Amino acid sequence: MTDTATEITILADSNIASLDEFFTATMLGQATEQTVNIIKVAGRDINAQLLAELQPTILLIRSVTSVNKALLADNESVEFVGSATIGTDHVDQDYLAARNITFANAAGCSKHSVAQYVLTAILTLRPQYWQPSTTLLMTSSMPPLTLGIIGLGNIGSTLAQYATALGWQVLGYDPLLHPSDINNASFEQVLSQSDVVSLHVPLTDKKSTDKKAADGQSVQSSNGSDYPTRHLINAEALAMMSPHTMLINSARGPVINVSDLEADIERNERQVVLDVFEHEPEISEGLLAKLAIATPHIAGYTVEGKLRGTQIIYDALCEKLAVVPVQSMQKLLPLNMFLWSELRAHPDRLIKFYDIMQDDASLRSQAVDGQVNGADFDQLRRDYHLRREWQF
């Protein structure tokens, strides 16, 4: 950071947890003559004009803010961008690197929160898949659930651990990872052989050759992927799935082609759970009516998950400032009585641990004149009563 600055200005998404507890002069190791000024705004209101007017040193965001050349074209002050999210598809990291702007995201911050969301959705809709004791399993005629997981990064691999603990079979597919006990199937096998398919992939597009090298030759853009995920689940993919297979998306909305999905649900009456939507934050009431469970992009919204996200970008900023982090989320966490061992022993208490249908009802109640509008969707997220992660 600039040594001569007497004030560090931070522009931050107001939906980032505990900003005032982490980003103070004291917590950032600043000298007594220096101050830290935090300006909090809604994430969708962080735009190029605001960046040009405020000229902040630090930009702290969540997934609703796209960081790219358009946002920063008239800004010369930003030296650090922190995203309190696992995903990074909203950030042009190549552009930041070219500008020598440090970037950090909160990898893994909500992996347990999202995995627990997926488990809750499955067990709310299909409670028969709670696995009983070993003795009862031996006399039960019902085979264990086969859970298909597409994308085995932080969240997908964590979900696989929970599934294994419940005695479920896991079919996993991630073309970017080496084969393993959980990365054990093809895309087609996951879709065709699973009772439930859960998506945990970033949003990526096909590699393009739009960029030109210095010699004028076309080169591939590093923003693309050999395994693009936009519309990964389309009519062709849905046709591979049994009508009885449940589909869950808590990753990115455009991973599913929503038109193909609606046609599939009408045809097969498939159970579908969406926490993210292709045209988010606007959602049509017609789509909501077809879904088994719909929630407003809150799968990762727990006290622990959001604090962990803040902690990770705070630690990264401290590294940038060459100071030792002194704030810890453990100091801020209230007592947690939600124990995974208790839930496994008493499955009937699931609604006490997380009442997912309450979140579903809250979203549906916002539909007016055929759709949920963006402002109401964002308000649900801002006002969300954070859940607690189940502790081990």
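Nothing here was measured: the structure is a model prediction, and the numbers come from that model.

Colleague: Provide a residue-level description of the packing of aromatic side chains, including the pertinent values.
Modeller: Taken as a whole, this structure holds twelve aromatic pairs when the rule is applied. Note on Tyr117 and Tyr354: the rings are 6.3 Å apart at their centroids and 40° apart in plane angle, and the pair reads as tilted. Of the two residues, Tyr117 sits in helix H5 (residues 111-125) while Tyr354 sits in the loop between helix H14 (350-353) and helix H15 (356-364), which places them 237 residues apart along the sequence. A relative accessible area of 0% means that Tyr117 is categorised as buried. When the ring of Phe277 is compared with that of Phe377, the centres are 6.3 Å apart and the planes differ by 90°; the resulting orientation is edge-to-face. In this pair, Phe277 is assigned in the loop between strand E14 (272-274) and strand E15 (283-284) and Phe377 in helix H16 (residues 374-382), connecting sequence segments 100 residues apart. We note that Phe277, like Phe377, is buried. Three or more aromatic residues joined by ring pairs form one cluster here, namely Tyr162, Phe338, Trp340, Phe353, Trp390 and Phe392. Across the ring face of Tyr301, the terminal group of Lys306 is positioned such that the distance to the ring centre comes to 4.4 Å. A cation over a ring is seen here: Arg387 above Tyr354, with NZ or CZ 4.2 Å from the ring centre.

Colleague: Give me the sheet that holds strand E13 (residues 246-249): which residues, what numbers.
Modeller: Spatially, the six strands line up as an open sheet ordered E7-E6-E8-E13-E14-E16, and their pairing is parallel. With partners counted over all chains shown, the strands left at the sheet margins are strand E7 (169-173) and strand E16 (293-294), one partner each. For strand E8 (residues 196-199) and E13, the ladder comprises four bridges, and the chain directions are parallel. Paired with Val197 across the strands is Leu247, a residue of E13. Across the sheet, H5 touches strand E6 (146-150), E8, E13, E14 and E16, and the angle it forms with E13 is around 150°.

Colleague: How would you summarise the confidence of the model for the protein chain if you had to cite specific residues and measurements?
Modeller: The predicted coordinates ought not to be read in detail in places where the model reports low pLDDT. Summing up the model confidence of the protein chain, the mean pLDDT is 92 and the portion of residues at 70 or higher is 91%. Counting contacts from residues 133-137, a segment whose pLDDT is below 50, to residues more than four positions away or on other chains yields two contacts. The low-confidence segment residues 211-222 (pLDDT under 50) makes 19 contacts with residues lying over four places distant or belonging to another chain.

Rules and cut-offs
- Residues numbered from 1 in each chain as written.
- Predicted model: local features only at pLDDT ≥ 70, side-chain atom pairs only at ≥ 80, totals over all residues.
- Heavy atoms only, no water.
- Phe/Tyr/Trp six-rings, centres within 6.5 Å; stacked < 30°, edge-to-face > 60°.
- Helix = DSSP H or I, 4+ residues; strand = E, 2+ residues; numbered from the N terminus.
- Buried < 20%, exposed > 50% of the residue type's maximum accessible area, 1.4 Å probe, protein only.
- Lys NZ or Arg CZ within 6 Å of the ring centre and 35° of its normal.
- Pairing = 2+ DSSP bridges.
- Contact = heavy atoms within 4.5 Å.
- Axes fitted to C-alpha atoms, helices over the stretch in contact; angles between N-to-C directions.
- pLDDT = per-residue confidence, 0-100.

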